[in-house]
Amino acid sequence: MELMRIKDLPITADLAGFAAVVGVIALGAVAWVARGGLTRRWEHLVGLLGLWMVIVGQYMGLVSSPRERMMGEVGRILYVHVPSAWLTMLTFTFTCAFATFFLFSGKRHWDHLVEATAEVGVVLSILLQATGMLFAKPTWGVFWDWDPRLVSTTVMMLSFMGVLTLRGLLDDVDRRATWTSVGSILATTSMIVTYFSVRWWRSIHQMQSSPDTVADPMVFVLRWNAFAFLFLTVWFVVQRARLSARREALDAPPALPEEVPA
Amino acid sequence: MNDASRRRLLALGALLIGGGAVGWMSMSTMGDDLVYYMSPTELVAKGEAGRDATVRIMGLVAADSVDWRPQEQLLRFRIDDGQTTLAIEGRGAPPQMFREGIGVVVEGRLGSDQVFRSHDVLIKHDNEYQPPQEGEHPGDIYKTLAEGS
């Protein structure tokens, strides 16, 4: 058990895995946008796969996987809490990436994806906080405490809520897109701090688990649920981006009327 | 300046500020003064200054140290950080996962008699998730606390 904060823990393995997942999805997103991805409803297949996987995955988590040694049945919330944490961070990573793409290219579809990922990320972070509190009460003994990990997670959630609020206040389409993107890049800082909070500071929250610290049958169920959450997240993001594009088309001022001869 | 170059400039600015903030936080020693908990060794090293101030300390519950008296709702145990052992005394039942060998964060005050009077005990679980070993009954562990008293 770590007694002190550990700053110099090797993180190469997590970073490599994370970079691989990010790379694959980013390539997919770029290819999708380049081919005019909003025209075809391919995402329902991914969504159905995610739905099936989440049903099977939660059955495994709740019934067939072993109980945890110390936490007993309570430990099973891990299979919702940890995938929500991973997906919250992954989704916000994409908010930052799409925001950068938008600012450099000015292409409006990136803005739709910024809005979609920020909003889905906020929903995931609410799920993360809710399951975290339910997890904390029977294990640590409290729902909440002023701990670095819990505070930084809340700051992260509020930052992206703030970005969405800012977006809602701006009417001009170009300004809205630009400032949403700038805000998203800045808000991503809080996401990175949240990730490292358990290493930089002493916290009641444990450090990131790895396959070395988790028993094999649990690792499998965790990974399964992470992919289930990933596919569902992709479905929600694409749906939300589509909605964002439609809203913008609807809000666009009508073309100027033809000169009417007097 | 046209719109496109203004946007690019904003992007670079935001990335620099964000990256700088993260870099600074990873390097700074800010966290050294703002600690969520101290170790027993650090608290004892403070001497007089460490007494009668509300602090949190963290350590492992020492083996064979738990003394729980349900009638009086009195809980006594010792925590250990590898160097220093500190006696803890508190009222009320601890969280369910409380057991010998587990990490705890205790909030309270160190008295002049070197007994730490806690008003809150939290469990710090580590990042290991394992199925029960032979003969263990997860979820029942906390019951042994009441039985053992």
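Up top is the structure.
Within any chain, residue numbers begin from 1 and follow the written order of that chain's sequence. Labels are handed out in written order, letters beginning with A for the chains and numbers beginning with 1 for the ligands. In keeping with the predicted nature of the model, local features appear solely for residues at pLDDT of at least 70, side-chain atom pairs appear and are counted solely at 80 or more, and the whole-chain, interface and lining totals rest on all residues. Where side-chain values are given, they derive from all heavy atoms of the structure, hydrogens and water being excluded.

Draft legend 1. Structural detail: the pattern of salt bridges. What counts as a salt bridge is simple: a side-chain nitrogen of Lys or Arg found within 4 Å of a carboxyl oxygen of Asp or Glu. Considering all chains together, one arrives at 17 salt bridges over all chains under this definition. Taking the shortest distance from any N to any O, the salt bridge between Arg-67 of chain A and Glu-73 of chain A comes out at 3.7 Å. Here Asp-113 of chain B makes a salt bridge to Arg-117 of chain B, at a shortest N to O gap of 2.8 Å. Each member of the salt-bridge network shares a partner with another, and the members are Asp-111, Glu-115, Glu-119, Arg-167 and Arg-240 of chain A.

Draft legend 2. Quick look at the pairing of strand β1 (residues 55-61) of chain B. Residue and element names in this part refer to chain B. Partly exposed describes any residue whose relative accessible area lies between the buried limit of under 20% and the exposed limit of over 50%, with all areas from a 1.4 Å probe on protein chains only and scaled to the type maximum. Put simply, DSSP marks the helices as runs of H or I at least four residues long and the strands as runs of E at least two long, and each gets a number from the N terminus on. Counting buried positions along β1 yields 6 of 7 residues, so the element is predominantly enclosed. Any two strands are treated as partners once DSSP identifies two or more bridges connecting them. Note that β1 and strand β3 (residues 74-80) share 2 bridges and pair antiparallel. Its bridge partner lying in β3, Val-61 is registered against Ile-79.

Draft legend 3. Geometry of the packing of helix α5 (residues 148-169) of chain A against helix α6 (residues 173-200) of chain A. Residues and elements named next belong to chain A. Every axis corresponds to a line fitted to the C-alpha atoms, with the helix fit spanning only the stretch in contact, and the corresponding angles, defined between N-to-C directions, vary from 0 to 180 degrees. Direction vectors running N to C along α5 and α6 enclose 175°, while the axes themselves pass 8 Å from each other. Overall, the two elements α5 and α6 adopt an arrangement that is roughly antiparallel. Class assignment of the residues belonging to the contact of α5 with α6 gives a composition of 13 nonpolar, 10 polar and 3 charged. Angle categories are assigned with fixed cut-offs, so that under 35 degrees is roughly parallel, over 145 is roughly antiparallel, 65 to 115 is roughly perpendicular, and the rest are oblique. Throughout this entry, Asp, Glu, Lys and Arg are counted as charged residues, while Ala, Val, Leu, Ile, Met, Phe, Trp, Tyr, Cys and Pro are counted as nonpolar. The remaining residues, Gly among them, count as polar.

Draft legend 4. The arrangement of the interface of chain A and chain B in detail. Listed as interface residues are 51 residues of chain A and, on the opposing side, 55 residues of chain B. We define buried area as the total accessible area lost by two parts upon association, computed with a 1.4 Å probe and summed across both. A combined buried area of about 4800 Å² lies between chain A and chain B, and 62% of that area is made up of carbon and sulfur atoms. Taken together, the links from chain A to chain B amount to 2 salt bridges. At the level of secondary structure, the elements contributing two or more residues to the side of chain A that touches chain B comprise α3 (78-105), α4 (108-139) and α6 of chain A. In the side of chain A that touches chain B, the residues fall into 28 nonpolar, 14 polar and 9 charged. The contact criterion used is simple: two residues touch if any of their non-hydrogen atoms lie within 4.5 Å.

Without other data, these values stay purely geometric and don't point to any function.
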